[in-house]
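Coordinate analysis (summary)
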Amino acid sequence: MRLARRHDRKPPARYLAAVLVVLALSTEVSADGLFIDRIDVEPGPNGVQAVDVNGDGEVDLLTAGIDGHALAVLLANGDGTYAPPVLYGPSTLPIGLAAVDVDGDTILDVLSVRSNQVRALLGNGDGTFQASINSPSTLALFTSSFAVGDLDGDSVPDLVTTDQFTGVNVVLGNGDGTFQLPVAYPVGTPGSTFPFGARIADLNGDSAPDIVATNSVSSNVHVLLGNGDGTFQAANDLTIGVSPGRTAFIDVDGDTVLDLLAIDFTTSELLILPGNGDGTFQTPQVSSAGEATGILEVVDVDGDGVTDIVGFAQGGNGVSVLLGNAGGSFQPGVKYGAGRGVGAVDVADIDGDGLLDIATENSQSSDLSILKGLGDGSFLAAETYEAGDSPGAALPVDLNGDQVPDLVASNGPTDTLSILLGNGDGTFSAAISVPAGDNPGFVQSSDFDGDGIVDLAATSRNDNSVVVLLGNGDGTLQPAASFPAGELPSSLVVADLDGDSISDLLVANAGLDEGRALLGNGDGTFQAPVAFSTGESPKSFAVADLDADSVPDVVAVNGSNANEVSVLLGNGDGSFQAPDPVSVGQIPEAALIEDLDGDLIPDLIVANNVSDDVSVLLGIGNGTFQQDVVYPTGDTPLGLALADVTLDGKPDVITANWRSDDVSVLPGNGDGSFGPPLHFEVGDAPRTVAVADFDGDLVPDLVTTNEASDDLSVLLNLCDRPPVPGLGVVGGALLSVLLASRGATRARRRRVC
């Protein structure tokens, strides 16, 4: 019997969230992307298998539940991309699938399991499948999990399912893709407990498969010893933990007897129950599970000969890996981002590099995720750093003169700035808090006093001012000095507005429909603010010379429902002409000015909060723009950046997407147009994104401020190729921070871009 891994579903009361890349179904989808890969299969999916179904040596992807179908097949193209999914058989509410040879022809078939039925789709060996064979009323109405194995010794795959009302069900296969009626074995209290996480293993060494199911409501694990003929003894209940999750069975202590592993998702404790060899177990050994809340798979992911655990991640945004130690213990779980609602995983060498990768099924975000393995038990993922309460902006800047970018984040709730000094290898020291006015927001840097040392300025929203913190050159700052800046200063830009080579400040005043220009004196102080009209409720400014007169002009992003930005041509003395409105997308949030099409004329790009897109407006050269062209991003783009992340000499667009917890990269074509977005998981509710070379490899990295998770996500670029000469901050395909082990030397998996 040829069998893939078992699959089940976690109780619906607890789902786990994570976010990854989304690519359009109408095009080829990538599995060799910039960070970690996500493949859009909306709506659905449920279950995932990574297996070669057409015999070409490439690992394909299978899932169920896509648009009401029993099976979706994504064939690998052999170049890191996947063909669009091919759908088979209508099916409502499938809970998962398994790739297994059900008819004995040595060709992989697929079992797609729904709440009350199992469907077999026989494989043709070329990646296509026959019409589904249904076994009517095979399963109970509320099936929550299933496992596949040969329960009666006839070399035909059978099923074990769990159900809220009937308990554990045994469904014997007929060898032709059909199944017999289920035989129920009661466990727990029918109707009031929730058995799930069906597992099959030989627990007492008699070569007869046994069954285990978890019941988190009653804190029990149910063990049903098998008789070898497809029948089972009454359940023996083990009480472990508070809310035990799915179990796994491996020989942890080397005595050739299977031991029981479970993670308590209430206490985040790993429970190891040494086996006695007769189907009973000893008292649990308890240790920290770190960021893990449940077991999905047990497999040696780091190639050291010791089994590791792949599980659900704490906090609901990924998977967690617990590396096994030779002595029978496990390291605490380390979290890696995946999609929202991770329900199942498969572990395989998906990209053909000889290293194990993880594929996840993400029912809430309607996609599949691929986490590329590094061979040492770590996977591509963004690293996070605590950065105070609700960090609202991230500024990469060298504060201590070591030629390494540091990070500054504003923390409005605590009236502070967080300073994270860079180590030069892409890592950062712990955050240091510095007082900075009353509810600081936007942060900018410049040498405001002409001493050659970087200083900081931040909006102080609650006292209608700007605070300036002069730098000492060693990463520390002098106490903040306050300067009036008008009502509700919402953003801040540094520019030389009057041509005196001294840094001035531009402040957007959302409460007054105005902006303020604060001309610098060159000693770290500023003159009284001068008001100028903008559009309604300006959120942010972008500054550049739009009409080729060598005078800075301003684009104001307006927060009204007019869906427009305003262009204000500069007079060269710090004042501006009347605003000229320009239509963009719904509720614009941020703007940047850059030459996007290579004609040496500034163009405009705007992130639109509500319409989930960016507007690109090519410049005419006289301060006006062509009609905007809209390109989709992730959900609720708030932050905006530009960098050549595809290493082709063409600027690409990067957005921080607050609602979808990711960043989007829109590859530029060099003519002002952009390709479909690639999306990469970061922390919770990213508000801003910035670009800098954090690890000294001459290619740009990314950092986001994550408002809900109170941290920063740093994504390092792993491209081998150097930046394109003459284009400033450029780089190749961005990949995320990789950890060989927490607190140890970082491993870098580079690729040609």
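Below is a summary of the structure that appears in this document. Values in this document were obtained by computation on a predicted structure and should not be read as measured data.

1. A word on the overall build of the protein chain
- Helix and strand counts for the protein chain stand at zero helices and 59 strands.
- Look at the contacts in the protein chain between residues 6 or more apart in sequence, and 45% of them connect residues 24 or more apart.

2. So, the nonpolar core
- With 17 residues, the main nonpolar core has V319 and I358 as its most contacted residues.
- Residue assignment for this core shows that the elements contributing at least two residues are β25 (292-299), β26 (308-313), β27 (319-322), β28 (334-336) and β29 (342-348).
- For this core, the leading source of residues is β29, giving three residues.

3. Describing the pairing of strand β58 (residues 701-706)
- Most of β58 sits out of view: six of its six residues are buried.
- Side chains D701, V703 and T705 project from β58 onto one buried face, and the interleaved L702, T704 and N706 project onto a second face that is buried too.
- Sheet topology places strand β57 (residues 686-692) next to β58; six bridges connect them, and they run antiparallel. From the neighbouring strand, T688 faces β58, where its bridge partner is T705.
- From the end of β58 to the start of strand β59 (residues 711-715), which pair antiparallel, there are four residues, and D710 there has a positive phi angle of about 55 degrees.

4. Here we look at the sheet that holds strand β47 (residues 564-568)
- The strand order across the open sheet built from four strands is β45-β46-β47-β48, with neighbouring strands paired in antiparallel fashion. Unpaired on one side and paired on the other, β45 (538-544) and β48 (580-583) mark the two borders of the sheet. Adjacent strand axes in the sheet meet at a mean angle of 25 degrees, parallel and antiparallel pairs treated alike.
- Bridge count between β45 and strand β46 (residues 553-558): six bridges; the pairing is antiparallel. Each bridged residue has a counterpart across the sheet, and for V543 the counterpart in β46 is V554.

5. Thoughts on the pairing of β59
- Burial analysis of β59 places five of its five residues in the buried class, the great majority of the element.
- Side chains D711, S713 and L715 of β59 all project onto a buried face; the interleaved residues L712 and V714 project onto the opposite face, where all are buried too.
- Summarising the sheet, β58 and β59 pair through five bridges and their orientation is antiparallel. Note on β59: the bridge partner recorded for L702 is L715.

6. Observations regarding the pattern of salt bridges
- Counting across every chain of the model gives four salt bridges.
- Between E707 and R687 there is a salt bridge, with its nearest N and O atoms 3.3 Å apart. Residue E707 is located in the loop between β58 and β59, and its partner R687 is located in strand β57; the two are separated by 20 residues in the primary sequence.

7. Focus: the packing of aromatic side chains
- What the rule picks out here adds up to nine aromatic pairs.
- Residues F249 and F281 carry aromatic rings whose centres are separated by 6.3 Å and whose planes lie at 45 degrees to one another, so their mutual orientation is tilted. Taken as a pair, F249 in strand β21 (residues 244-250) and F281 in the loop between β23 (269-273) and β24 (285-288) lie far apart in primary sequence, 32 residues in all. Exposure class is identical for F249 and F281. Each is buried.
- Taken together, the aromatic side chains of F448, F483 and F526 make up a single cluster linked through ring pairs.

8. Concerning the sheet that holds strand β33 (residues 391-397)
- As summarised here, the arrangement of the four strands in space is β33-β34-β35-β36, forming an open sheet in which the pairing is antiparallel. This sheet does not close on itself; its edge strands, each paired only once, are β33 and β36 (432-435). The mean angle between the axes of side-by-side strands here comes to 25 degrees, regardless of whether they run parallel or antiparallel.
- As paired elements, β33 and strand β34 (residues 406-411) share five bridges and run antiparallel to each other. Note that in β34 the partner of P391 across the bridge is N411.

9. A closer look at the side chain of T162
- Tracing the backbone shows T162 in strand β14 (residues 158-163).
- A relative accessible area of 0% places T162 in the buried class.
- In terms of polar contacts, T162 uses its side chain to reach the side chain of S144, at 2.7 Å.
- In this structure the side chain of T162 is engaged in a polar contact, spanning 3.3 Å, whose partner is the backbone oxygen of P195.
- For T162, the residues in contact, after removing those within four places along its chain, are F142, T143, S144, S145, G167, V168, N169, P195, F196, G197, A198 and A213.

10. Here we look at unusual backbone geometry
- One non-glycine residue, S390, lies in positive phi territory at about 45 degrees.
- With relative accessibility at 27%, the residue S390 sits in the partly exposed group.
- At A548, a residue that is not glycine, the phi angle is positive and equals roughly 60 degrees.
- Tracing the sequence through the fold places A548 in the loop between β45 and β46.
- In this structure A548 comes out as exposed when scored by relative accessible area, which is 66%.

Rules used in this analysis
Residues numbered from 1 in each chain as written. Predicted model: local features only at pLDDT ≥ 70, side-chain atom pairs only at ≥ 80, totals over all residues. Heavy atoms only, no water. Helix = DSSP H or I, 4+ residues; strand = E, 2+ residues; numbered from the N terminus. Contact = heavy atoms within 4.5 Å. Core = buried A, V, L, I, M, F, W, Y, C linked by side-chain atoms within 4.5 Å. Buried < 20%, exposed > 50% of the residue type's maximum accessible area, 1.4 Å probe, protein only. Pairing = 2+ DSSP bridges. Axes fitted to C-alpha atoms, helices over the stretch in contact; angles between N-to-C directions. Salt bridge = Lys/Arg side-chain N within 4 Å of Asp/Glu carboxyl O. Phe/Tyr/Trp six-rings, centres within 6.5 Å; stacked < 30°, edge-to-face > 60°. Polar contact = N/O pair within 3.5 Å; in protein donor to acceptor, adjacent residues only side chain to side chain.

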